[in-house]
Amino acid sequence: MSDPTTPPPVPAGFAPLRIPGWEDFDPARARGGGLRGHWRGFTTAVRIGWATEANWTDPLLFFIYSVAKPVSAALILVVMLEVIGGATSRQYRSFVVVGSALWAMVFSGIAGLAWSILEDRERYRMIKYVYVSPADFLVVMTGRAVARVAVGAMGTIITLAVGVVLLGVPFDPFRVDWPLLAVVTVLGMVAIVSVGIVLGAVVMQTRQEAWQYPEAVAGALFLVSGAVFPLAVLPFAAQVVGLLTPLAWWIEGSRRALLPDSVSSIGGEGSAWLDLTGTVAPSTPEIVVALLVTGAAGTLAAGLAFRSSERRAKDRGLLDQTTGS
Amino acid sequence: MTAPVQRVPAIEARDIRRTYKARPRDVVALDGVDLDVAAGEFFGLLGPNGAGKTTLIKILTTLLAPSSGTARVFGFDIEGDTRKIRRIMNMVAGGEQSGYGILTVREQLWMFSQFYGMPGAVGWRRVDELIEAVGLEEQRLQRVNSLSTGQRQKMNFARGLLNDPWILFLDEPTLGLDVSAARSVRELVLAWQAAVSGRTVLLTTHYMAEADELCERIAIVDHGRILAIGSPTDLKRRVQRESVFRLELDRLDGGPARLFRLPGVVSAVLASADGHEGTEDARQTVAVNLVLTDDGALGEVVAALAPLGSHIVALAKSEPTLEDVFVELVGRGFEDEAEAPPPDDGLTPAVPQGAHEAGEPELEDVV
Amino acid sequence: MADPAFSRAGPGRRLRPELFVGQADASPQAAADWSRRRILLTDLRAVRGRAYPRITGLFREKSWLFFEILLPFLTTSAFVFVYRALQAPPEYIGFVVLGGAMTAFWLNVVWMMAAQLYWEKDQGNLELYFAAPMNLMSVLLGMALGGMVMSSTRAVAVLVVASLLYGVSFEVDQWLLLLAVFGLTLAALYGLGMILASLFLMWGREAWHTTQLMVEPVYFVSGLNFPVARLGFIGALAVATIPLAVGLDAMRQLAFAGSQVSLLPPLAEAGILVAMTVLFTLAARWSLRTLERRARIEGRLTMRWQ
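Residues numbered from 1 in each chain as written. Chains lettered and ligands numbered in written order. Predicted model: local features only at pLDDT ≥ 70, side-chain atom pairs only at ≥ 80, totals over all residues. Heavy atoms only, no water.

Peer 1: Kindly report on a nonpolar patch on the surface, identifying the contributing residues and their values.
Peer 2: All names here are of chain A. A contiguous nonpolar surface patch, about 510 Å² in accessible area, is contributed by V164, V165, L166, F171 and W178. No other element matches helix α6 (residues 137–166), which puts three residues into the nonpolar patch. Within the element layout of this structure, V165 appears in helix α6. (Patch = residues over 30% accessible without salt bridge, like charges linked within 9 Å, V, L, I, M, F, W, Y side chains within 5 Å. Areas by Shrake-Rupley, 256 points an atom, 1.4 Å probe, with all protein chains shown as cover. Salt bridge = Lys/Arg side-chain N within 4 Å of Asp/Glu carboxyl O. Helix = DSSP H or I, 4+ residues; strand = E, 2+ residues; numbered from the N terminus.)

This is how it looks when you write it as structure tokens:
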């Protein structure tokens, strides 16, 4: 009979990680990985998000997200212009096509984090396991959102290509301000993801029908971002809201980089920008600074909102609830 | 009210087969199952995970079509009469997370009462009574997503009784429940069957004690086949042809050898107080493990004790468990991960391997 | 030793036999034999039952007021301002407002019906629905009616507020026909929703993505913000196949009497809607049955995440 004081042999696969000098417990494992750990969690989440959301191997899904949705959105606006006809409408065609193409990234980014939370909570029921892992929950969810933004970027590029080839958008690669485009793209992605983080904070508190919320939020931001019409058309108060929105500056900067001769969505006759600054349109440095400032403020607010929502969700046991109706 | 005796069997299944398409190869979940369950019977399907129990119950509850074979529930064909079967049956599965978290227990059950066509007011009344019957009065206005696992299962059980089913399918109903909650569910099942006569229950489980105590008849299932069917007693009798007793005496002069010579005694060995072979224990009683050819031989042994000056302190009969039956049939336990060859024809026990070879520990030692 | 907890004697709780109706049925065969009246009543009560959680949810969690009412109103406003930027005639503002209102019902069909059975399977409710005796169409109709409370609120909010704010004036000559067209549009939409629900049940995870195909592309071909006749052949095709397109076109003609380019007169489009309603309802009935049968054969009713 075996000696009850002798522990049974441990199967090979269960052998603990042993650090010399710390045979029993390694406190380093509880300290966390710091910035490196966050980066690892972030990149892993981006890879997971890309693997699950990018649809290279599924032509139907690629078509839906990267072609049909963004191109249809642009075509709606183009036809609206054609319906009205006239010089004004022709002048605005490039304006709306570029704005609509860029909006594909906005929708993906806004929906990305929110849908990731809803999916993990309602469908895969994995959220509690993600939450209790050492990786920071916000960092992981942000990584998933970034993957979706990248998917949206494919839609943007395709829509722009359709615009150039079929809809007469005048694109000259030698006239594109590539440094500006690079800068505003990076800052813009941060701004987009921060909006997504705010929405993620909201859906942590709400129930399954929140699947539709990203669409609603993207649609509402459409109004004040200058994506498809100059802000000057709006009442003054709405224009001011637009000026405080990083998305408006991102679209202005991207449009200026891609189409240097394009009409400004921020400035122009009757615009709040003109009233406030006395200049017809913002300069390129002004655009970058405004994007940086509004983006930073938005990112800070988003982080605070998410942490607050996380605390509330933890307090009320919402993190692993299922809420269908 | 006592229902008249049903001539139509509750379940009749013939050569049911079910294959799932999967990579790298198809999975044969059921491999020719024949089953007859009489009306009013409490029948169990006992087997390890992956045996095919849930697949069979899903076929009988019209959720899954068999790849081949036929089955009838109270005479209604599972393929052609699905609506009729759904009117007279209900099902409760273990680990169920269904429902709408935002509703209260009362509302959730009422919603399901509407699916069974109950008038609104009748539905509310029935729901309130069932909530009381299953012991969820305090939770009746609590949202479903805040219930504990045990409470949720009681609610599921109440849902299963809403339409007063003629046959109730229970698919591992105590899965994941603690001892107390599992006991409550088992009591509820028995209470229901006792309260409404003539109702049939088909239970799938891998908890042997549950099947042993609840079921009138059990089918042991493994690898998509029924290996044996019978009452728990009959099944155990298959593997134990002799009667085993543990006899505790105040003294036994001459040791167990004095008993060994008696007619009907196959073996008599000393046992310690905890059942292991050993010497006399501290209380100065003598425990003997007796193996007799049958229960009748016990009388001879008892009669022989008095002349020896021995008095019986305790007498208990040891019975094989259903796991012993399973091991006898298949050659491995429920938890044994080692591959064992399936039986030749699915109906006769396989030659047991491993456990009975020399040098291998006996089952009781493994536990 | 036998565990006394498992004893068959003396269950801890006694159930009263009178709790159970149906004891009047002497046999399971009698219990299974339902009259047509009982079948119909069951289906109607199932509609009520399934609508209940949806409507109850609206009162228990009110974030939809912001996300489903206010924000969509802002989206509609965005398209109003596009036309204003183009200095379009005022009637086009009315088109956008009406289109924005009808969006609510389309999204209800897409999100609350078409993809719903797939989500119900994920949650484990689908098995219970199929194991119950009511018709699955009742469940879908209950979902649709329950969701219609939210959709109707949204549509009314967009219509009333946007009309007041942006000075939209309606000229309705034939109120009855307008209301009839509206009702027929909804009926056809929900019939289409039932067909989509059965398709999505079979397609599995693809269904979730296919709902995305039902948003902007359908908005485009349905002429949500412009007269669908402007799309030429595509518009004609849409009017023939998409309830939203033909219904919206008819309603625009009736709401803004004497207006714009249209493919067909409202009465003809109402006839198309009647045909669509009948066709979609019959097709939904057939597809739900056929696909249930297929789903049972392939085991899709109970397999999640596929």
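Peer 1: Can you lay out the interface of chain B and chain C for me, pointing to particular residues and giving the numbers?
Peer 2: Each partner contributes to the interface: chain B provides 70 residues, whereas chain C provides 56 residues. For the pair chain B and chain C, the summed buried surface comes to about 5900 Å²; carbon and sulfur atoms form 58% of the total. Counting across the chain B and chain C interface gives four salt bridges. Among the salt bridges present, the one from R86(B) reaches E292(C), with a minimum N-O distance of 2.8 Å. Where chain B packs against chain C, one counts 17 residue pairs in polar contact (both at pLDDT 80 or more). Looking at the side of chain B that touches chain C, the elements with two or more residues in it are α2 (82–88), β6 (89–93), α3 (105–115), α4 (120–134), α5 (149–161), α6 (179–195) and α7 (208–214) of chain B. Counting residues per element, the side of chain B that touches chain C draws most heavily on α6(B), which supplies nine residues. Grouping the constituent residues of the side of chain B that touches chain C by class yields 37 nonpolar, twelve polar and 21 charged. (Contact = heavy atoms within 4.5 Å. Buried area = accessible area lost by both parts, 1.4 Å probe. Polar contact = N/O pair within 3.5 Å; in protein donor to acceptor, adjacent residues only side chain to side chain. Nonpolar A, V, L, I, M, F, W, Y, C, P; charged D, E, K, R; others polar.)

Peer 1: Quick rundown of the interface of chain A and chain C? Include the residues and the values.
Peer 2: Facing the 58 residues of chain A at the interface are 54 residues of chain C. Roughly 4900 Å² is buried in total at the junction of chain A and chain C, and carbon and sulfur atoms are behind 65% of that figure. On the chain A side of the interface with chain C, the three residues burying the most area are M80(A), R123(A) and Q212(A), jointly 14% of the side's total. For the pair chain A and chain C, the number of links is one salt bridge. Our count for the chain A to chain C interface comes out at three residue pairs in polar contact (both at pLDDT 80 or more). Breaking the side of chain A that touches chain C down by element, the ones donating at least two residues are α2 (34–53), α3 (59–84), α4 (87–123), α7 (178–203) and α8 (213–224) of chain A. Top contributing element to the side of chain A that touches chain C by residue count: α3(A), with 18 residues. Residue classes in the side of chain A that touches chain C are distributed as 34 nonpolar, 13 polar and eleven charged.

Peer 1: Can you break down the environment of W166(B) residue by residue, with the values?
Peer 2: All names here are of chain B. By the secondary structure assignment, W166 is in the loop between α5 and β7 (167–171). Classification of W166 as buried rests on a relative accessible area of 2%. Sequence separation between W166 and G198 is 32 residues; the distance between their C-alpha atoms is 7.6 Å. (Buried < 20%, exposed > 50% of the residue type's maximum accessible area, 1.4 Å probe, protein only.)

Peer 1: Just give me the short version of the confidence of the model for chain C, but keep the residues and values in it.
Peer 2: Residue and element names in this part refer to chain C. This prediction gives chain C a mean pLDDT of 83; 87% of its residues lie at or above 70. Of all the helices and strands in chain C, helix α9 (residues 205–213) carries the lowest mean pLDDT, 70, while helix α2 (residues 36–60) carries the highest, 93. A low-confidence stretch, residues 1–12 stays under pLDDT 50, and its non-local contacts, those more than four residues away or across chains, total 14 contacts. (pLDDT = per-residue confidence, 0-100.)

Peer 1: I'd like to hear about α8(A), residue by residue, with values.
Peer 2: Residues and elements named next belong to chain A. With twelve residues, α8 ought to run about 16 Å at 1.5 Å a step, and its terminal C-alpha atoms sit 18 Å apart, in line with that. Among the twelve residues in α8, twelve count as buried, and that is most of the element. When α8 is considered as a whole, its buried residues turn out to be Y213, P214, E215, A216, V217, A218, G219, A220, L221, F222, L223 and V224. Downstream of α8 by one or two residues, G226 has phi in the positive range, about 70°. (Expected span 1.5 Å × (residues − 1).)

Peer 1: Tell me about the side chain of T104(B), and please be specific about residues and values.
Peer 2: In this structure, T104(B) sits in the loop between β6 and α3. On the accessibility criterion, T104(B) (9% relative accessible area) is buried. What T104(B) contacts, discounting residues up to four positions off in sequence, is R140(B), L141(B), Q142(B), R143(B), V144(B) and R60(C).

Peer 1: Any chance you could break down the pairing of β6(B) for me, citing the residues and the numbers?
Peer 2: All names here are of chain B. A large share of β6 lies buried, amounting to five of its five residues. One ladder, built from five bridges, connects β6 with β7; its direction is parallel. Residue N90 lies in a different strand from β7, and its bridge partner there is L168. (Pairing = 2+ DSSP bridges.)

Peer 1: Quick one: what's the story with empty space enclosed by the protein, residue by residue and with numbers?
Peer 2: Rolled over the atoms, a probe with the dimensions of a water molecule shows which regions are left empty. Enumeration over the complete set of coordinates arrives at twelve cavities of 30 Å³ or more. Here the largest cavity defines a volume of roughly 800 Å³. Considering the residues around the largest cavity, the lining is formed by 41 residues, among which F107(A), E215(A), V215(C), E216(C) and Y219(C) are closest to the centre. Within the residue set of the lining of the largest cavity, elements represented by two or more residues are α3, α4, α6 and α8 of chain A together with α3 (64–85), α4 (90–114) and α10 (216–221) of chain C. Counting residues per element, the lining of the largest cavity draws most heavily on α4(A), at seven residues. Taken together, the residues of the lining of the largest cavity sort by class into 23 nonpolar, eleven polar and seven charged. (1 Å grid on protein atoms, 1.4 Å probe; cavity = no way out; pocket = protein on both sides within 12 Å on 5 of 7 lines; lining within 4 Å. Points joined across faces, edges and corners; volume = space filled by probe spheres on them.)

Peer 1: Help me get a handle on the nonpolar core, residues and values and all.
Peer 2: Ranked by size, the top nonpolar core spans 286 residues in total, and within it W250(A), L35(B), Y83(C) and W106(C) carry the most contacts. Ignoring any residue separated from it by four or fewer positions in sequence, one finds Y83(C) in contact with M80(A), V83(A), I84(A), A88(C), Y92(C), I93(C), V96(C), N225(C) and F226(C). The next biggest cluster of nonpolar side chains, apart from the first, holds 18 residues, and it includes V265(B), L292(B), A297(B) and L298(B). (Core = buried A, V, L, I, M, F, W, Y, C linked by side-chain atoms within 4.5 Å.)

Peer 1: So, the sheet that holds strand β13 (residues 286–292) of chain B: which residues are in play, and what are the values?
Peer 2: All names here are of chain B. One open sheet holds the four strands; their spatial order is β12-β13-β11-β14, and the pairing between them is antiparallel. Looking at strand neighbours, the two that pair on one side only are β12 (265–271) and β14 (312–318), the edges of this open sheet. In this sheet, neighbouring strand axes are inclined to one another by 20° on average, regardless of whether the strands run parallel or antiparallel. (Axes fitted to C-alpha atoms, helices over the stretch in contact; angles between N-to-C directions.)

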